[in-house]
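# Observations on chain architecture
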Amino acid sequence: MSSQTETIRRTTVPQIANRKGGEPIVSLTSYHAHTAAIVDRYADFILVGDSLGMVMHGMDSTVGVPLDLMIMHGKAVVRGTQKALIVVDMPFGTYEESPGVAFRNAAKIMKETQCGAVKLEGGARMAETIRFLTERGIPVMAHIGLTPQSSHVMGGFKTQGRDEDTWHLHEADAKAVSEAGAFAVVLEGMVEPLAAKITKQVHIPTIGIGASADCDGQILVLEDMLGLNAWTPKFVKVYGDLGPQIEASVKAYAEEVRDRSFPGPDQTYK
Ligand code: KIV
């Protein structure tokens, strides 16, 4: 008897790369098996972003995120999903020193999490490393514009390209990562016309976050769009209202416990 079970195939890196100029690429961050399982039904790729340091672990920036934490969350997201390509962020300090160090850490992420690709921040300065990794079997998504791991150098989380005289630097970054073999590039916190211009210039998909609706795809931090964070960047459209919903549930539970109306085992275990 033949099996009725259909094999679900994960989206591959070439499938994402081939979407340049085509159907817009949908992506979100996710850090857990349970949220990733929901996102998996709709997203082409899921990013296990190092934003988890701030969103999940209360850090002030992504600079303090350790490699092991990325691997732990990466494993959870891979376990919770079947369909989307999973991309895991390389945290600060694990790839900048040399292509060799980057390869060792990227290989560790891929082996231990079973993700399909890694993402790293930086344009022209990271091109040599991107080439080194891709030539050795590690697919790389690049990330340019506002690069949060460099926030101390940038003087905060600042929109890039406000001064048109700086556009050529961002354009050069996009060209460099594309020529080095990155299969896609995240454009974060960049003025709209610059992001739209870069999207026309490079042959790999651009994934916008606070950039342009003309990018080849979009990404948002899941907790931001769900309304779970007290503060969200101005560019985030908030689709959900989870923060107040969670608070209402916790409040109802606390009140039931305090006034002894919390259901006993005879009511809860039928
Ligand atoms: O860490 C992250 O979540 C990211 C996205 C904002 C692109 O890099």
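Now for a quick tour of the structure. Bear in mind that the values here come from a model prediction, so they are computed numbers and not experimental data.

So, on to the site of the ligand. Surveying the vicinity of the ligand reveals the residues Thr29, Leu47, Gly49, Asp50, Ser51, Asp89, Lys119, His143, Ile209 and Val221. The separation between an oxygen atom of the ligand and a polar side-chain atom of aspartate 50 is 3.0 Å. One of the side-chain nitrogen or oxygen atoms of serine 51 is found 2.5 Å away from an oxygen atom of the ligand. Relative to its unbound accessible area of 260 Å², the ligand is 95% covered by the protein chains.

What follows is about the sheet that holds strand β4 (residues 117-121). Taken in spatial order, the eight strands of this closed barrel run β1-β2-β3-β4-β5-β6-β7-β8, and their pairing is parallel. When the angles between neighbouring strand axes are averaged without regard to direction, this sheet yields 25 degrees. The pairing of strand β1 (residues 25-29) with strand β8 (residues 217-220) spans four bridges and is classified as parallel. If you follow isoleucine 25 over to β8, its bridge partner there is glycine 217. The strands touched by helix α5 (residues 99-113) within the sheet are β3 (85-89) and β4, with β4 carrying the most contacts at an inclination of about 145 degrees.

Next up on the list: the pattern of salt bridges. On inspection of all chains with the given rule, the structure shows eight salt bridges. Glutamate 135 is paired through a salt bridge with arginine 136; the nearest N and O atoms lie 4.0 Å apart.

Within β3, five of the five residues are buried, leaving the element largely enclosed by the surrounding structure. With burial as the criterion, each face of β3 is covered, one bearing Leu85, Val87 and Asp89 and the other bearing Ile86 and Val88. Pairing of strand β2 (residues 45-48) with β3 involves four bridges; the strand directions are parallel. Looking across to β3, one finds that phenylalanine 45 is bridged to leucine 85. In terms of strand pairing, β3 meets β4 through three bridges, oriented parallel. Pairing of aspartate 89 across the sheet is with lysine 119, part of β4.

Along the chain, the position of aspartate 60 falls in the loop between α3 (52-55) and α4 (67-80). A residue is classified by how much of its surface remains accessible, and aspartate 60, at 74% relative accessible area, is exposed. Here the alpha-carbon distance between aspartate 60 and threonine 35, two residues 25 residues apart in the chain, equals 23 Å.

So, how was this worked out
Residues numbered from 1 in each chain as written. Predicted model: local features only at pLDDT ≥ 70, side-chain atom pairs only at ≥ 80, totals over all residues. Heavy atoms only, no water. Near = heavy atom within 4 Å. Polar contact = N/O pair within 3.5 Å; in protein donor to acceptor, adjacent residues only side chain to side chain. Areas by Shrake-Rupley, 256 points an atom, 1.4 Å probe, with all protein chains shown as cover. Pairing = 2+ DSSP bridges. Helix = DSSP H or I, 4+ residues; strand = E, 2+ residues; numbered from the N terminus. Axes fitted to C-alpha atoms, helices over the stretch in contact; angles between N-to-C directions. Contact = heavy atoms within 4.5 Å. Salt bridge = Lys/Arg side-chain N within 4 Å of Asp/Glu carboxyl O. Buried < 20%, exposed > 50% of the residue type's maximum accessible area, 1.4 Å probe, protein only.

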